[in-house]
Amino acid sequence: MWPFICQFIEKLFRETIEPAVRGANTHLSTFSFTKVNMGRQPLRVNGVKVYTENVDKRQIILDLQISFVGNCEIDLEIKRYFCRAGVQSIQIHGTMRVILEPLIGDMPLVGALSLFFLRKPLLEINWTGLTNLLDIPGLNGLSDTIILDIISNYLVLPNRITVPLVSEVQIAQLRFPIPKGVLRIHFIEAQDLQGKDTYLKGLVKGKSDPYGVIRVGNQVFQSKVIKENLSPKWSEVYEALVYEHPGQELEIELFDEDPDKDDFLGSLMIDLAEVEKERLLDEWFTLDEVCKGKLHLKLEWLTLLPDASTLDKVLTDIRADKGQANDGLSSSLLILYLDSARNLPSGKKINSNPNPLVQMSVGHKAQQSKIRYKTNEPVWEEHFTFFIHNPKRQDLEVEVKDEQHQCSLGTLKLPLSQLLSRDDMTINQRFQLSNSGPNSTLKMKIALRVLHLEKQERSPDHQHSAQVKRPSVSKEGRKISIRSQRTASPGAGDSSTAPSTPVLGGGDKPGVEERAQPAEASPPGPRGLGRSSSSLQVGAACSPSHTFVKEPTPSIASDISLPVATQELRQRLRQLENGTTLGQSPLGQVQLTIRHSSQRNKLVVVVHACRNLIAFSEDGSDPYVRMYLLPDKRRSGRRKTHVSKKTLNPVFDQSFDFSVSLPEVQRRTLDVAVKNSGGFLSKDKGLLGKVLVGLASEELAKGWTQWYDLTEDGTRPHMVT
């Protein structure tokens, strides 16, 4: 399939990504791809998960673990500046969701195929000539991350690639996706955070200036910074759309703001399927990846009802019946599908076709469609959502504009109260444009949904089962859910008394805020998330969590604690030699990519492959790779790839990370062992080779990919480029 996938990717680059890059910055308006060749190394699917519970009977949901490490030839140019650049290689690692729906009673049984990433994949691009590109006036403030962000956002929810397999009628519902729900996040307070600021060269421990970064899919919110406080109170509220679950998580990271690089204060990951089940969660959560700290959250799962009878109660609950129409929490969600326009006027020049775009606004929240060039009958087929405070008082204002001459081609004003009396609270029609041509129309489908918090009937002794996803590593490198620990906290007041603050960025389309702020180089810390963050890494396996259980002694499975494994390997080498001279790397080699991500404060290691391993039996070996970041030899510090059966040249392409700062990691050593996986008591279990990689390199921030020679004890590694 790979050559045909390449044809599709080339079309995606030219028809989707190229216009998006052009629209992101005026200086990129002549940006184009001159060559797109994805190379011969195909994409790998390392694992498939199929969901069987909480799934609609007319759909099939698959999650694919995707890895792509390829040598590509992609050339791009900006004609306006006679500037050219290119891409030598691309790495993509992430979880892609594939939805087959609707299932139908005729062949091909599946009406359409939808593809997207649940969250930004790890995406690394090796550029050539990019410095020339970024020397252009107006672009010198940008970094390569702006292009990474555009590409990533086009692949991450709510963006999706939909491939219809049957007639348009049956896939009409896919063009108008209704979110599964809305997550209202009350980001209340934290306690007992680490003091990261120090004085007198570290002799005096200070406090921290904490803030939070909250992610749901590609929706990113950032809280205000509380100065010099280890028990900050934010009392902020955010609202996020949830299109897909199970599989989506609420991700929260806390940081200490610093002038140079922001320090990490802990993280939390909560399964949204559990929040939907509970409807309302209000509790203290213990932070992961740090030794102390707790976070107080109140999470509400709001269902979308096409019923106006519940609106008055919702308006009373959020006090929208008294306050201003544009402020505070949302009572409802407006979903808009912009289809097409007909008979638009010519604009300023008579008999010339305009470049139409559509601007839509509700109150002070505005969004804009893509530009369609040289046509008075544009087709957009785009999807938008707006959070609505009070639909009885607010209007949807629409303006069609000519981008070329910056003039209006027609307007439309629709009071949202009209939707309240319609069937299913939906309007699907052609609207006559005002201040336009006599027959100028705009076709849209608009629906209103009331945000309703369902109360669960529970017994007094009910214990909820909210799953906090700990970044632990199982054998297959997946995250394991562990029940959250309810912790009684001193001074934890009733969160219901927390003031309802205005929602920050709740109604903006994901990604709009990134373009609205001044573009500048991505800072070393995560403070730049509102701009163009390059923290695209989503490791297949994450770092250990610090729980209340004291860590055990070094792992029993450690080959250093079993020196007999090294002796057995030396004996096996002598048997292999048997009077002959072995080559330079008799035990074979392992290929690793190693780099430190300052954005995430983590060492990222990608285990690509091994070659020319020794055989443990007639069928070859069943190799896997095990890693420690010495001197840490605890079980929680161990990282393992999957087992590759009956091969001497396994391919893994798995990514792992270790939470450690750059100065600290440069004093550490990466212990990598390739091992054979036999049965529990099998005589074929054992060591295939080791390598010890010193990390005291100044190149660690940039990273490198190398083949390393395996030896019996790892002490004499030879790098092979």
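Residues numbered from 1 in each chain as written. Predicted model: local features only at pLDDT ≥ 70, side-chain atom pairs only at ≥ 80, totals over all residues. Heavy atoms only, no water.

### Observations regarding the overall build of the protein
Item 1. Counting its secondary structure elements, the protein contains ten helices and 36 strands.
Item 2. A sequence separation of at least 24 residues applies to 67% of the contacts in the protein between residues at least 6 apart.
Item 3. For the protein, the exposed surface amounts to about 33,400 Å²; the carbon and sulfur share of it is 50%. (Helix = DSSP H or I, 4+ residues; strand = E, 2+ residues; numbered from the N terminus. Contact = heavy atoms within 4.5 Å. Areas by Shrake-Rupley, 256 points an atom, 1.4 Å probe, with all protein chains shown as cover.)

### Notes on the sheet that holds strand β19 (residues 356-362)
Item 1. Spatial strand order, β20-β19-β22-β23: four strands in an open sheet with antiparallel pairing. At either margin of the open sheet sits one strand with a lone partner, and together these are β20 (365-368) and β23 (407-415). Strand-to-strand twist in this sheet, taken as the mean axis angle between neighbours without regard to direction, amounts to 15°. (Pairing = 2+ DSSP bridges. Axes fitted to C-alpha atoms, helices over the stretch in contact; angles between N-to-C directions.)

### Regarding the pairing of strand β8 (residues 181-191)
Item 1. Burial runs high along β8: eleven of the eleven residues are buried.
Item 2. Bridge analysis of β8 against strand β13 (residues 233-242) gives eight bridges, and the strand direction is antiparallel. Bridge pairing in β13 links E189 to K233.
Item 3. Pairing analysis gives nine bridges linking β8 to strand β17 (residues 294-305), with the strands arranged antiparallel. Along β17, the bridge assignment pairs L183 with W301. (Buried < 20%, exposed > 50% of the residue type's maximum accessible area, 1.4 Å probe, protein only.)

### With respect to the confidence of the model for the protein
Item 1. Averaged over all residues, the pLDDT of the protein is 76; the fraction at 70 or higher stands at 72%.
Item 2. Note on residues 470-562: pLDDT under 50 across the span, and 229 contacts to partners over four residues away in sequence or across chains. (pLDDT = per-residue confidence, 0-100.)

### Regarding the packing of aromatic side chains
Item 1. Counted under the stated rule, the structure contains eight aromatic pairs.
Item 2. On the basis of an interplanar angle of 25° and a centroid distance of 5.3 Å, the ring pair of F221 and Y238 is categorised as stacked. Here the residue F221 occupies a position in strand β12 (residues 219-222), and Y238 occupies one in strand β13, the gap between them amounting to 17 residues. The residues F221 and Y238 share a single accessibility class, namely buried. (Phe/Tyr/Trp six-rings, centres within 6.5 Å; stacked < 30°, edge-to-face > 60°.)

### Section: the pattern of salt bridges
Item 1. Enumeration according to the criterion identifies 24 salt bridges in this entry.
Item 2. R215 is the partner of E253 in a salt bridge, and the nearest nitrogen-oxygen pair spans 3.1 Å. Note that E253 is positioned in strand β14 (residues 249-256) and R215 in strand β11 (residues 210-216), a separation of 38 residues in sequence. R215 shares its class with E253; the two are buried.
Item 3. If you follow the salt bridges from partner to partner, you end up with R626, K633, D671 and K690 in one network. (Salt bridge = Lys/Arg side-chain N within 4 Å of Asp/Glu carboxyl O.)

### Describing the sheet that holds strand β31 (residues 639-640)
Item 1. Taking strand neighbours across the sheet as the criterion, the four strands line up as β31-β30-β33-β34 in an open arrangement whose pairing is antiparallel. One side of each edge strand has no neighbouring strand; the edge strands of this open sheet are β31 and β34 (686-694).
Item 2. As defined by bridge partners, strand β30 (residues 623-630) adjoins β31 across two bridges and the pair is classed as antiparallel. Paired with M627 across the bridge in β31 is R639.

### Considering the pairing of strand β18 (residues 332-342)
Item 1. For β18, the tally of buried residues reaches ten of eleven residues, placing the bulk of the element in the interior.
Item 2. As paired strands, β18 and strand β25 (residues 441-452) are joined by ten bridges and run antiparallel to one another. Looking across to β25, one finds that L334 is bridged to L448.
Item 3. As paired strands, β18 and strand β21 (residues 379-388) are joined by eight bridges and run antiparallel to one another. For I335, the partnering residue across the bridge sits in β21 and is T385.

### Details of unusual backbone geometry
Item 1. With an omega of -10°, the peptide bond between E101 and P102 qualifies as cis.
Item 2. Looking at the element boundaries, P102 is found in the loop between β4 (83-100) and β5 (112-117).
Item 3. The backbone phi angle of E228 is positive, close to 45°, even though this residue is not glycine.
Item 4. The topology assignment puts E228 in the loop between β12 and β13.
Item 5. Using a relative accessible area of 51% as the deciding quantity, one classes E228 as exposed.
Item 6. Non-glycine residue R279 carries a positive phi angle of around 75°.
Item 7. Relative to the helices and strands, R279 is located in the loop between α5 (272-278) and β16 (280-286).
Item 8. Assessed through its relative accessible area of 14%, R279 is described here as buried.

### Description of the side chain of T375
Item 1. Mapped onto the fold, T375 is located in the loop between β20 and β21.
Item 2. What makes T375 buried here is its relative accessible area of 18%.
Item 3. Not counting the four nearest positions on each side in its chain, T375 is found in contact with N353, P354 and P356.

### Focus: the nonpolar core
If you look at soluble globular proteins, the nonpolar side chains tend to sit buried side by side.
Item 1. Counting residues in hydrophobic clusters, the biggest one holds 35 residues, and the most contacted among them are F13, F31, F33, M38, F68, I74 and I90.
Item 2. Only α1 (2-24), β1 (31-37), β3 (60-78), β4, β5 and β6 (122-128) provide two or more residues apiece to this core.
Item 3. The element that contributes the greatest number of residues to this core is β3, accounting for eight residues.
Item 4. If we skip the residues at most four places from it in the chain, F33 touches F13, R14, I17, E18, I74, D75 and L76.
Item 5. Counting 34 residues, the second largest nonpolar core, distinct from the first, contains W234, V242, L250 and L297. (Core = buried A, V, L, I, M, F, W, Y, C linked by side-chain atoms within 4.5 Å.)

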